[in-house]
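# Per-entry structural report
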Amino acid sequence: MSKLTSKLLTLSLLFVGFMSAQEVEPTTPEETEFYEPVPPKVTPGENGAPPSDAIVLFDGTSLDKWISSRDSTAAKWILNEDGSMTVKDRTGDIQTKQNFGSVQLHIEWKSPAEVQRDGQNRGNSGVFLNNLYEVQVLDNNDNDTYVNGQVGSIYKQHVPLAMASVPTGEWNTYDIIYHAPEFEKGQKVKSGTLTVIHNGVLIQDHVEIKGTTPYIGWPKNPPHGKGPLRLQDHGDNSRVSYRNIWVRELE
Ligand code: MG
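Presented here is an overview of the structure given in this document. If you're wondering where the values come from, they're calculated on a predicted model, not measured in any experiment.

### So, the side chain of D236
- Position of D236 among the secondary structure elements: in the loop between β14 (230-231) and β15 (241-249).
- In this structure D236 is buried but unpaired, with R117 as the nearest side chain of opposite charge at 4.0 Å.
- Here the side chain of D236 touches H234 through a polar contact of 3.0 Å, side chain to side chain.
- With sequence-adjacent residues up to four places away left out, D236 is seen in contact with D89, Q116, R117, Q120 and N121.

### Examining the sheet that holds strand β7 (residues 125-129)
- The strand order β2-β5-β14-β7-β8 describes an open sheet built from five strands, whose pairing is antiparallel. Of all strands in the sheet, those bounded by a partner on one side alone are β2 (66-68) and β8 (133-137).
- Where β7 lies against β14, two bridges are found, and the strand directions are antiparallel. Following the sheet pairing, F128 is matched in β14 by R230.

### Things to note about the environment of I107
- Within the secondary structure, I107 is located in strand β6 (residues 103-110).
- Residue I107 is classed as buried on the basis of its relative accessible area, which comes to 1%.
- Beyond its immediate sequence surroundings of up to four residues, I107 is in contact with V127, N172, T173, Y174, L231, Y242, R243, N244 and I245.

### Some details on the nonpolar core
- M85, L105, L129, L231, Y242 and I245 are the most contacted members of the largest nonpolar core, which has 38 residues in total.
- Counting residues per element, the ones that place at least two in this core are β1 (55-58), β6, β7, β8, β9 (171-179), β12 (193-198), β13 (201-208) and β15.
- Residue contributions to this core peak at four residues, all from β6.
- Not counting the four nearest positions on each side in its chain, L105 is found in contact with V127, L129, Y174, D175, I176, L229, I245, W246 and V247.

### Section: the pattern of salt bridges
- Within the structure shown, the criterion is met by six salt bridges.
- Between D53 and R248 there is a salt bridge; the shortest N-O distance is 2.8 Å. On the criterion of sequence distance, the pair formed by D53 in the loop between α1 (3-21) and β1 and R248 in strand β15 is long-range, its members being 195 residues apart.
- According to the relative accessible area criterion, D53 is partly exposed, its value standing at 35%.
- Of the charged contacts in the structure, one is a salt bridge between R90 and D89, with a shortest N-O distance of 3.6 Å.
- On the basis of relative accessible area, D89 is assigned to the partly exposed category, the value being 28%.

### Some thoughts on the environment of V38
- One can find V38 in the loop between α1 and β1.
- Linking V38 and F128, residues 90 residues apart in sequence, is a C-alpha distance of 33 Å.

### Quick look at the coordination of the magnesium ion
- Taken together, the protein ligands of the magnesium ion are N124 (OD1), S125 (O), E134 (OE), Q136 (OE1) and Q232 (OE1), with distances of 2.2 to 2.3 Å.
- Here the donor residues of the magnesium ion are spaced in sequence according to N-S-x8-E-x1-Q-x95-Q. Separated by 96 residues along the polypeptide, Q136 in strand β8 and Q232 in the loop between β14 and β15 bring together distant segments of the chain.
- Note on Q232: relative accessible area 14%, which makes it buried.

Cut-offs applied
Residues numbered from 1 in each chain as written. Predicted model: local features only at pLDDT ≥ 70, side-chain atom pairs only at ≥ 80, totals over all residues. Heavy atoms only, no water. Helix = DSSP H or I, 4+ residues; strand = E, 2+ residues; numbered from the N terminus. Buried < 20%, exposed > 50% of the residue type's maximum accessible area, 1.4 Å probe, protein only. Lys, Arg positive; Asp, Glu negative; His and termini not counted. Salt bridge = Lys/Arg side-chain N within 4 Å of Asp/Glu carboxyl O. Polar contact = N/O pair within 3.5 Å; in protein donor to acceptor, adjacent residues only side chain to side chain. Contact = heavy atoms within 4.5 Å. Pairing = 2+ DSSP bridges. Core = buried A, V, L, I, M, F, W, Y, C linked by side-chain atoms within 4.5 Å. Donors = N, O, S within 2.8 Å, 3.2 Å for Na, K, Ca; no water.

See the structure below:
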């Protein structure tokens, strides 16, 4: 083999290697089709019922999946005959017995039909993901407040893209997709995210969770693993009701 032939051969081998590394444009449809892994089958719920793989947290029959956040005793909220539950004033928040990380959460809530007080003190409750991050529940109909604390806000962090509440006294739905933050050696290395759909309207679009959602002060980032889902007793006789609560774990 001459030196020139040898050089040409080396060059062409390098070219083939380069082209395979770049992934040559497919020329048949089959090259861009794959069959594994096959996604699991999930049967959707009919008329608002949970899908087949959901963990049902409240179906109207009992508060067995919940405890008092204050002292871990039985949840004290009111179980109604219509399949809902209502915040019992000043009995404290309630939280799930089970801990969750990233989830898809479905929850329905209702402000009391009889309006009382204004601003943050009208039908205030909240859904805390991972026990730390509040999606605000509030009766905002004809009731202005700071927009980063209005209904559907990530409390004091993210203003909702729209105010999509139904009339006061009717049932709202929240469909929430929560991805938990990640921590290494006590430090946050990846922020959590929240997506919220309120009555079918996208109001939080994969927003970055900056940390906890306190009333006073900046968000904090304590390292954590899975935690309970928590519902807020705002402590001012808010009389907010909840029903049809289920989650699908995302990890
Ligand atoms: Mg609240």
